[in-house]
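# Survey of secondary and tertiary structure
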Amino acid sequence: MAFVVTGAAGFIGSHLVEALAAAGHEVIGIDRRAGVPAAARHEIVADLVSDAPDVTAALAGADAVLHLAGCPGVRITGPDVEALRLRDNVVAGARVLAAVPNSVRVVVVSSSSVYGGALHDGVLRPSREGDSLRPTGGYARSKVALEDLALRRAVAGGAVTIVRPFTVAGERQRPDMALARWIRAASEGTPLTILGSPGRMRDVTDVADVVAGLIGIVERDAGGTFNLGSGHPRSLTEMATAVCDVLGVECRFNVEPAGSEEVAATWASIDRARSLLDYEPSTDLSGIVRRQVTALQPA
């Protein structure tokens, strides 16, 4: 099968391209930055909102499209950030959905941030796909807007799947994410900055498991909405301590206030993915940190 991956030079996208190719699929990678893995059959360097002819042709001719491109990060700030999120998360998503024939499945990668955390009606529990969405912050709201576009496609008879990954970790993780920041700090001998309470929790998910879930969706042509998490939240203290242990340094923390977009806990219900995708994640926190550290070493 021929798959198109947008955001193919990014963290999850690059791993997805390699795994799809290893499974025998043909892959076209689209990203506005060069650097799509060589495993892709073809690399298109273009902005999704530019209406580039080769992008339009690739989207129209795919057997399935996995849309990961977007403006990441719940913490980014600046006078233009909301316009950037609208452009990259909503407008670009609309262009992709419009360019793909209704009969061809589009897998829209959203975010667990749409839940607004794991506290539901005052009860801490796993977030389920059918829960009401309570986005906190501009990033989460832009992802809800993207999901609304996907749901419109479904109502119109289009093949579409919404995926909500939880905190994804592994090689090539973005430098602004917690484990990457802490690895850098620990390597430099500086304290690890924790935002908010050290007891806050995140459902840390191995990038390999997220990729396996995405491939399971396209190979099974599965529709609806799926959480892709580990199902086991970890405290920030546990995560930071794993970094210190792997690097063999004493843990020193610097606790700073968290922004309003920083929820107390994330926690995925993965029952639907287990049932329909045979999804069985296994997050070895120390192993993930070791892989990230190794990947940062000079070749």
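Our structure is the block above this text.
Position labels on residues start from 1 in each chain and follow its written sequence. Only residues with pLDDT of at least 70 are given local features in this predicted model, and only at 80 or more are side-chain atom pairs given and counted; all residues enter the totals for whole chains, interfaces and linings. For the side-chain quantities, the full set of heavy atoms in the structure was used; hydrogens and water were omitted.

### Topic: the overall build of the protein
Runs of H or I in DSSP of at least four residues are treated as helices and runs of E of at least two as strands, each being numbered from the N terminus. Scanning the protein from N- to C-terminus turns up 9 helices and 15 strands. Radius of gyration (C-alpha) of the protein: 19 Å, near the 19 Å computed for a compact globule of 299 residues. Once the C-alpha set of the protein is aligned to its principal axes, its extents read approximately 55 × 50 × 45 Å. Residue exposure (1.4 Å probe, protein chains only): buried if accessible area is under 20% of the type maximum, exposed if over 50%, otherwise partly exposed. Per-residue burial for the protein yields a buried fraction of 54% across its 299 residues. Computation of the radius of gyration draws on C-alpha atoms, with the globule rule given as 2.2 Å multiplied by the number of residues to the power 0.38.

### Observations regarding the nonpolar core
Residue types Ala, Val, Leu, Ile, Met, Phe, Trp, Tyr and Cys, when buried and joined through side-chain atoms within 4.5 Å, form a set referred to as a nonpolar core. Within the largest apolar cluster, 38 residues are counted, with the highest numbers of intra-cluster contacts made by Val5, Ile12, Leu16, Leu20, Leu66, Leu68 and Leu214. Among the secondary structure elements, those contributing two or more residues to this core are strand 1 (2–6), helix 1 (11–22), strand 4 (64–67), strand 5 (105–109), helix 6 (207–220), strand 13 (224–228) and helix 8 (271–277). If one sorts the elements of this core by residue count, helix 6 sits on top with 7 residues. Excluding anything up to four places from it in sequence, Leu66 contacts Phe3, Val4, Val5, Thr6, Leu16, Leu20, Val107, Leu214 and Val218. Membership of the second largest hydrophobic core comes to 27 residues, among which are Ile44, Val104, Val106 and Leu146. The criterion used for residue contact is that any of the two residues' heavy atoms lie within 4.5 Å.

### With respect to the sheet that holds strand 1
Across the sheet, which stays open at both edges, the 7 strands sit in the order 3-2-1-4-5-8-13 with parallel pairing between neighbours. Two strands lie at the open edges of the sheet, namely strand 3 (42–45) and strand 13, each paired on one side alone. Neighbour to neighbour, the strand axes of the sheet diverge by 15 degrees on average, direction disregarded. Pairing between strand 1 and strand 2 (residues 26–31): 5 bridges, direction parallel. Each residue of the ladder has a partner; that of Ala2, found in strand 2, is Glu26. For helices, the fitted axis covers only the stretch in contact; all axes are lines through C-alpha atoms, and the angles between them, taken along N-to-C directions, range from 0 to 180 degrees. This element, helix 4 (residues 138–155), spans strand 5 and strand 8 (160–165) of the sheet and lies at about 155 degrees to strand 8. When DSSP finds at least two bridges between two strands, those strands are taken to pair.

### Things to note about the side chain of Thr6
Position of Thr6 relative to the elements: it lies in strand 1. Taking the relative accessible area as the measure of exposure, Thr6 reaches 0% and is therefore buried. Apart from the residues lying within four places of it in its own chain, the contact partners of Thr6 are Ile30, Leu48, Leu66, His67, Leu68 and Ala69.

### Comments concerning the pairing of strand 2
Most of strand 2 sits inside the fold, with 5 of its 6 residues counted as buried. Bridge analysis of strand 2 against strand 3 gives 4 bridges, and the strand direction is parallel. Bridging from a neighbouring strand, Ile30 pairs with Ile44 of strand 3.

### A short note on the state of the cysteines
Disulfides are defined in this document as cysteine sulfur pairs within 2.5 Å. Scanning all chains against the criterion turns up 1 disulfide. Across a sulfur-sulfur distance of 2.2 Å, Cys244 and Cys251 are joined as a disulfide pair. On the sign convention where negative means left-handed, the S-S torsion of about 110 degrees between Cys244 and Cys251 marks this disulfide as right-handed.

### Side note on the side chain of Asp206
The residue Asp206 is located in strand 12 (residues 205–206) in this model. Those residues within four positions of Asp206 in sequence are excluded, and the remaining contacts are Ala169, Ser282, Thr283, Ile288 and Arg291.

### Notes on unusual backbone geometry
Even without being glycine, Asp121 reaches a positive phi, approximately 55 degrees. Among the structural elements, Asp121 can be located in the loop between strand 6 (119–120) and strand 7 (123–124). Exposure remark for Asp121: the relative accessible area of 82% places this residue in the exposed category.

### Overview of helix 1
What a helix is expected to span follows from its residue count: subtract one and scale by 1.5 Å. Along its 12 residues, helix 1 runs 17 Å from first to last C-alpha, staying within 8% of the 16 Å computed at 1.5 Å per residue. Three or more residues of helix 1 are buried, namely Phe11, Ile12, Gly13, Ser14, His15, Leu16, Val17 and Leu20. Buried residues along helix 1 sit against strand 1, strand 2, strand 4, strand 9 (168–169) and helix 6. Just past helix 1, the residue Gly24 takes up positive phi, approximately 95 degrees.

### Looking at the packing of helix 3 (residues 81–99) against helix 4
Contact geometry of helix 3 with helix 4 gives a least axis separation of 9 Å together with a crossing angle of 15 degrees. On the basis of their axis angle, the class for helix 3 and helix 4 is roughly parallel. You can see that helix 3 and helix 4 cross each other, and the crossing is right-handed. Residues Glu82, Arg85, Asn89, Val90, Gly93, Ala94 and Leu97 of helix 3 touch helix 4, and the partners they reach there are Gly138, Tyr139, Ser142, Lys143, Ala145, Leu146, Leu149, Ala150 and Arg153. Under the convention adopted here, Pro, Cys and the residues Ala, Val, Leu, Ile, Met, Phe, Trp and Tyr are nonpolar, Asp, Glu, Lys and Arg are charged, and Gly plus all remaining residues are polar. Across the contact of helix 3 with helix 4, the residue classes tally to 8 nonpolar, 4 polar and 4 charged. Roughly parallel means an angle under 35 degrees; roughly antiparallel means over 145; roughly perpendicular covers 65 to 115; every other angle is labelled oblique. By convention the crossing between two helices is left-handed if the near helix lies anticlockwise of the far one by an angle smaller than a right angle, and right-handed if it lies clockwise.

### A closer look at the packing of aromatic side chains
Here a Phe, Tyr or Trp ring, Trp counted by its six-membered ring, pairs with any other such ring whose centre lies within 6.5 Å, and the pair is stacked when the planes are under 30 degrees apart, edge-to-face when over 60, and tilted otherwise. Under the criterion given, the structure shown has 1 aromatic pair. Above the face of the Phe226 ring, Arg272 is positioned so that its terminal group lies 4.3 Å from the ring centre. In this analysis the charged atom, NZ for Lys or CZ for Arg, is taken to sit over a ring once it is within 6 Å of the ring centre and within 35 degrees of the ring normal.

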